Amino acid sequence: MHASASLDFTPAVGDHAFTAKQRSLLALAHGLGRDRFAARAAQWDEEASFPFANYDDLRAAGLLKICVPEAHGGLGADYATYMMVAAEVGRFCGATALTWNMHVSSTMWTGVLADGIPMTETQRAEHARRSQLHFRRVVEQGAIYAQPFSEGSAAAAGRAPFGTTARKVEGGWLVNGRKIFASLSGAANYYGVLCTEDKGDEKPDARDTLYLAVPATSPGFAISGEWNPLGMRGTVSRNLTFQDVFVSDDEQLMPRGVYFKGAQTWPAMFFTLAPTYLGVANAAYDFTVRYLRGEVPGEPPVKRRMYPTKQVAVAQMRIQLEQMRSLFLRAVLEARPNPSKDERLRLYAAQYTVMEGANDIARLAIRTCGGQSMMKHLPLERLYRDSRCGSLMLPWTAELVLDRMGRETLYEAGERDE
């Protein structure tokens, strides 16, 4: 049977021998995107406002709990399945896909990924008990989790301890610090904050990273700053500050010291921003084909497909899209704890290829569709702006990926130049 035989569309990740669960989730995401998200995308972009209506739809469809294990009432999607579905959402609304990723990651990291992270028996039992609490909030209350990383330092790139700190006190932790570019600010019920344990000495260590869910209603927690960026405007990624914010022990999303191990064990956990941009690349390609065929709703049915220059441009776009899809799908399907060196380098290559390729395709789309594509009532200029943001996203910006690839190719673990 053909890979997508039971789907009436080609998914953003391309053709593949999808499982029954993957097909049903892809169809669900595609239908939501086509019928609801696509028409609203311009509004979130224009207002730089959060896509609350889309989240109501995601919640009603059960997609907020896509990576919550089935035993806890979720849909039990594994890593690869989530990545495929996320690309489909990104095809219709980049800001929704990108913020949904932050939420889903909090359940995926504590669920399917945590299963592959080394823990002691005590840690494993503690994690099982606490993750139940977080899963229950998502399943029963439809809670939204954010995942603020950035601080404007090397911390989010994994190169230094986080400046946001947590000090152990009776029954929990006191959190102090700030985060910038915090997507879902003002929309999330809980903020999954990465911070460094303050042990009272002057030697903060990245190995002492804590991963805590800070309730939005916590005293001492505040959101500030304007949000008026180039693209991905609906993510509403403002600044967070924490002043002696008390967080109870049960809000730990991972036991002490386990996040750092997870980052070492599961590099693919940082690849989850890429599907959004693969979706955006598909959207730019889809629009260009419809436009040149004279099939854009609301536009005059003028065909522009007979010009050889347009045909060549579409061919170039399709070639690049197929390259992106193939590398993305390969990296996603082989993602696992403790990947081989080749698997890790391929993961970096996939990240770079998707993040830079999305903007290449959007650029070609604008050039090919011509002056009309600059107009705000058509989606291309928004897709172009959204696509430009991928390479800037920590922890794997384009520059950091190139740096890692080069270093890890030329140096084996522990090697140094004398």
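Just above, that's the structure.
Parameters and conventions
Residues numbered from 1 in each chain as written. Predicted model: local features only at pLDDT ≥ 70, side-chain atom pairs only at ≥ 80, totals over all residues. Heavy atoms only, no water. Pairing = 2+ DSSP bridges. Helix = DSSP H or I, 4+ residues; strand = E, 2+ residues; numbered from the N terminus. 1 Å grid on protein atoms, 1.4 Å probe; cavity = no way out; pocket = protein on both sides within 12 Å on 5 of 7 lines; lining within 4 Å. Points joined across faces, edges and corners; volume = space filled by probe spheres on them. Nonpolar A, V, L, I, M, F, W, Y, C, P; charged D, E, K, R; others polar.

Looking now at the pairing of strand β7 (residues 238–248). Where strand β3 (residues 172–182) meets β7, 8 bridges bridge the pair, whose relative direction is antiparallel. Pairing of tryptophan 173 across the sheet is with valine 247, part of β7. Here 4 bridges tie strand β6 (residues 221–224) to β7, and the two strands are oriented antiparallel to one another. Residue pairing for β7: serine 224 is matched across the bridge by asparagine 239.

With that settled, consider the layout of surface pockets. In this structure, the largest pocket occupies an estimated 750 Å³ of space. Elements with a contribution of two residues or more to the lining of the largest pocket: α1 (20–47), α7 (274–292), α8 (308–333) and α10 (380–388). Here the residues of the lining of the largest pocket are counted per class, giving 13 nonpolar, 4 polar and 9 charged.

Regions of empty space are outlined by a rolling probe, equal in size to a water molecule, passed over the atoms. Under the counting rule described, the total for this entry stands at 3 cavities of 30 Å³ or more. Volume-wise, the largest cavity comes out at about 70 Å³. Around the largest cavity, the lining residues are Ala41, Trp44, Asp45, Cys93, Gly94, Ala95, Met232, Arg233, Gly234, Arg382 and Asp386. Elements with a contribution of two residues or more to the lining of the largest cavity: α1, α4 (94–113) and α10. A class-by-class count of the residues in the lining of the largest cavity yields 5 nonpolar, 2 polar and 4 charged. As for the second largest cavity, its lining consists of Ala268, Ala331, Glu334, Ala335, Arg336, Pro339, Glu343, Arg344 and Leu347. Per element, the largest residue contribution to the lining of the second largest cavity is 3 residues, and it comes from helix α9 (residues 341–369). For the lining of the second largest cavity, the per-class residue count stands at 5 nonpolar, no polar and 4 charged.

Any functional reading would require information that these geometric values do not contain.
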